[in-house]
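Here is how the chains run, residue by residue.
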Amino acid sequence: MAKPTTPRASTAKAKAAAPAAGADHNRPRPQTPTDYKASKEELLEFYRQMVLIRRFEEKAGQLYGLGLIGGFCHLYIGQEAVAVGIQSALVPGKDSVITGYRDHGHMLAYGIDPNLIMAELTGREAGISRGKGGSMHMFSVEHKFFGGHGIVGAQVSLGAGLGFAHKYNGDGGVCVAYFGDGAANQGQVYESFNMAELWKLPIIFVIENNQYAMGTSVNRASSEDQLYRRGESFRIPGLQVDGMDVLAVRGAIEEALKWVHDGNGPILLEMKTYRYRGHSMSDPAKYRSREEVQAMRDKSDPIEGVKKYLIEAGVSEEDIKGIDQAIRKTVAEAADFAESSPEPELHELYTDVLVEQY
Ligand SMILES: Cc1ncc(C[n+]2csc(CCOP(=O)(O)OP(=O)(O)O)c2C)c(N)n1
Ligand SMILES: [Mg+2]
């Protein structure tokens, strides 16, 4: 049995896949993206949102430990720059988003009220899915946020459907379908790639390559571990991006949106990222060393990265501390709100089960 290999650090901020051997070289290719030039206000907003996700997830971990969150709970700590960088470029209510079970961060990055998300995690009636979705199955149709899915890879096919709906309705929206490095080995992903390219659907496939699928490292499970190349045989171009740098992420999504809006069909973004916590709350993470996690935190932490940009932009340490304090308050209030909200009434067990009666 081969030993799991250490994940490779990404070398470049962004890399575009070269045309495959035998490919039509006259076909247009996306530009290799450059880092987004953010204003001071935008940087402050990126920082706020990423710290909100981190503190929110830490609190969710605590509530889980206290038995206030039932079922599974997968934290997004370490991956904040991906959801924040991407969703800052989307239009909520116009563009659609779909993801897997590691979904709290994506909802927060779409500006959804933390109180409603925390209430959902704790199974309360005030939750965004009335307490019936929980951590893995949160929805907000109003924001065109279509979950929250527990079946690995299934959201990619549903995302292709959302892309189809944008095209069919001519609403100008784009679907962003997030999935993991593990999900990238699921068969239905490639059926979806095929149809999405064939029908030139407005969809951006985002692989959040956090280096592990539960306890299995990418290198141990994937014959092609450069996941941005996974669309090549379907003629879907791919970009590999430093997913720990919010400006690189935003730069890449800008390029991807341009590609899709220009009518070129789908594009694939591989975000090289890392999760600091275990796969879920019940994972002791024995498949990797503490040193590996610590090295990532020390060298590539996405929040520390934005802090550096803020200081370069002339924001004072005091102002940054002020934001940190305000976020702690928001998260504490969300937890209080959730804990003091009632659970759904018993008869709610029978509502929202079927859309129609048969
Ligand atoms: C079809 C299917 N197979 C297996 C599982 C069990 N499972 C849940 S999460 C997971 C790992 C997925 O890893 P990845 O796609 O990298 O996402 P990450 O957890 O890293 O965000 C597996 C195998 C499942 N939920 N669905
Ligand atoms: Mg993974």
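Residues numbered from 1 in each chain as written. Chains lettered and ligands numbered in written order. Predicted model: local features only at pLDDT ≥ 70, side-chain atom pairs only at ≥ 80, totals over all residues.

You'll find the protein entered in an unreviewed UniProt entry as Pyruvate dehydrogenase E1 component subunit alpha, with Sphingobium psychrophilum given as the organism. The annotation that UniProt attaches to the protein under Subunit (unreviewed entry) is "Heterodimer of an alpha and a beta chain." Of the comments in the UniProt record for the protein, the one headed Cofactor (unreviewed entry) reads "thiamine diphosphate". (UniProt positions renumbered as here; feature names shortened; annotations may be inferred.)

1. Notes on the pairing of strand S4 (residues 203–209)
Consecutive residues of a regular strand have side chains that alternate between opposite faces of the sheet. Within S4, 7 of the 7 residues are buried, which leaves the element mostly enclosed by the surrounding structure. Summarising the sheet, strand S3 (residues 175–180) and S4 pair through 6 bridges and their orientation is parallel. Bridge assignment links Tyr 178 to a residue of S4, and that residue is Val 206. (Buried ≥ 20, exposed ≤ 12 C-beta atoms within 10 Å, placed from the backbone. Helix = DSSP H or I, 4+ residues; strand = E, 2+ residues; numbered from the N terminus. Pairing = 2+ DSSP bridges.)

2. Brief notes about the sheet that holds strand S8 (residues 267–272)
Across the sheet, 6 strands lie side by side as S1-S7-S8-S4-S3-S2; this open sheet has mixed pairing. One side of each edge strand has no neighbouring strand; the edge strands of this open sheet are strand S1 (14–16) and strand S2 (96–98). Between one strand axis and the next, the sheet turns through 20 degrees on average, direction left out of account. Across 6 bridges, S4 lies against S8 in parallel orientation. Paired with Glu 208 across the strands is Met 271, a residue of S8. Its contacts with the sheet place helix H5 (residues 154–169) against S2, S3 and S4, and it is angled at close to 170 degrees to S3. (Axes fitted to C-alpha atoms, helices over the stretch in contact; angles between N-to-C directions. Contact = placed C-beta atoms within 7 Å.)

3. Things to note about H5
The periodicity of an α-helix, 3.6 residues per turn, causes residues three or four positions apart to be oriented the same way. For H5, spanning 16 residues, the distance from its first C-alpha to its last is 23 Å, which sits close to the expected 22 Å at 1.5 Å a residue. Looking only at H5, the buried set comprises Gln 155, Val 156, Gly 159, Ala 160, Leu 162, Gly 163 and His 166. The buried residues of H5 occupy one face: seen down the axis, they fall within an arc of 160 degrees. Away from the buried face of H5 by more than 90 degrees, exposed residues Tyr 168 and Asn 169 are located. Looking at the buried residues of H5, the elements they touch are S2, S3, helix H6 (187–198) and S4. (Expected span 1.5 Å × (residues − 1). Arc of directions from axis to C-beta.)

4. Observations regarding the packing of helix H2 (residues 80–87) against helix H8 (residues 246–261)
Interaxial distance between H2 and H8 falls to 8 Å at its minimum, and their mutual angle equals 40 degrees. Between H2 and H8, the interaxial angle falls into the category oblique. Between H2 and H8 the crossing geometry is right-handed. Across the interface between the two elements, Ala 81, Val 82, Val 84, Gly 85 and Ile 86 of H2 pack against Val 246, Val 249, Arg 250 and Ile 253 of H8. Considering only residue class, the contact of H2 with H8 consists of 7 nonpolar, 1 polar and 1 charged. (Parallel < 35°, antiparallel > 145°, perpendicular 65-115°, else oblique. Left-handed = near helix turned anticlockwise from the far one by under 90°. Nonpolar A, V, L, I, M, F, W, Y, C, P; charged D, E, K, R; others polar.)

5. Description of the UniProt feature "domain: Dehydrogenase E1 component" (unreviewed entry) in the protein
Per the UniProt entry, the sites bearing "domain: Dehydrogenase E1 component" (unreviewed entry) are residues 48–345 in this numbering. Secondary structure content for residues 48–345 is 45% helix and 10% strand, while the C-alpha to C-alpha distance between its ends is 35 Å.

6. Quick notes on the site of ligand 1
Around ligand 1, the structure places 14 residues, and the nearest of them are Val 152, Gly 180, Gly 182, Ala 183 and Ala 213. Each residue belonging to the shell around ligand 1 can be placed in one class, and the counts come to 6 nonpolar, 6 polar and 2 charged. (Near = placed C-beta within 6 Å.)

7. Some remarks on the pairing of S8
Burial within S8 is extensive, with 6 of its 6 residues counted as buried. What you see with S8 is no split at all: Ile 267, Leu 269 and Met 271 on one side and Leu 268, Glu 270 and Lys 272 on the other are buried throughout. Bridge count between strand S7 (residues 238–242) and S8: 5 bridges; the pairing is parallel. From the neighbouring strand, Leu 239 faces S8, where its bridge partner is Leu 269. For the handedness criterion, the β-α-β arrangement of S7, H8 and S8 is classed as right-handed. (Right-handed = clockwise from strand over helix to strand, strands pointing away.)

8. What to know about helix H4 (residues 114–121)
Taking burial as the measure, the 8 residues of H4 include 8 buried ones, the bulk of the element. Count one or two residues on from H4 and you reach Gly 123, which has phi positive near 70 degrees.

9. Some remarks on the environment of Ala 119
Relative to the elements of secondary structure, Ala 119 occurs in helix H4. Setting aside its immediate chain neighbours within four residues, Ala 119 contacts Arg 124, Ala 126, Gly 127, Gly 131, Phe 337, Ala 338 and Ser 341.

10. Re the environment of Ile 323
One can find Ile 323 in helix H11 (residues 317–340). Sequence-wise, Ile 323 and Ser 129 are 194 residues apart; in three dimensions their C-alpha atoms are separated by 29 Å. Leaving out residues up to four positions away in the same chain, Ile 323 has contacts with Tyr 47, Arg 48 and Val 51.

11. Describing the nonpolar core
Soluble globular proteins: nonpolar side chains tend toward being buried together. Of all hydrophobic cores here, the largest spans 91 residues; its most connected members are Met 50, Val 176, Ala 177, Ile 204, Val 206, Val 249 and Leu 269. Of all the elements, helix H1 (residues 40–65) adds the most residues to this core, at 10 residues. (Core = buried A, V, L, I, M, F, W, Y, C linked by C-beta atoms within 7 Å.)

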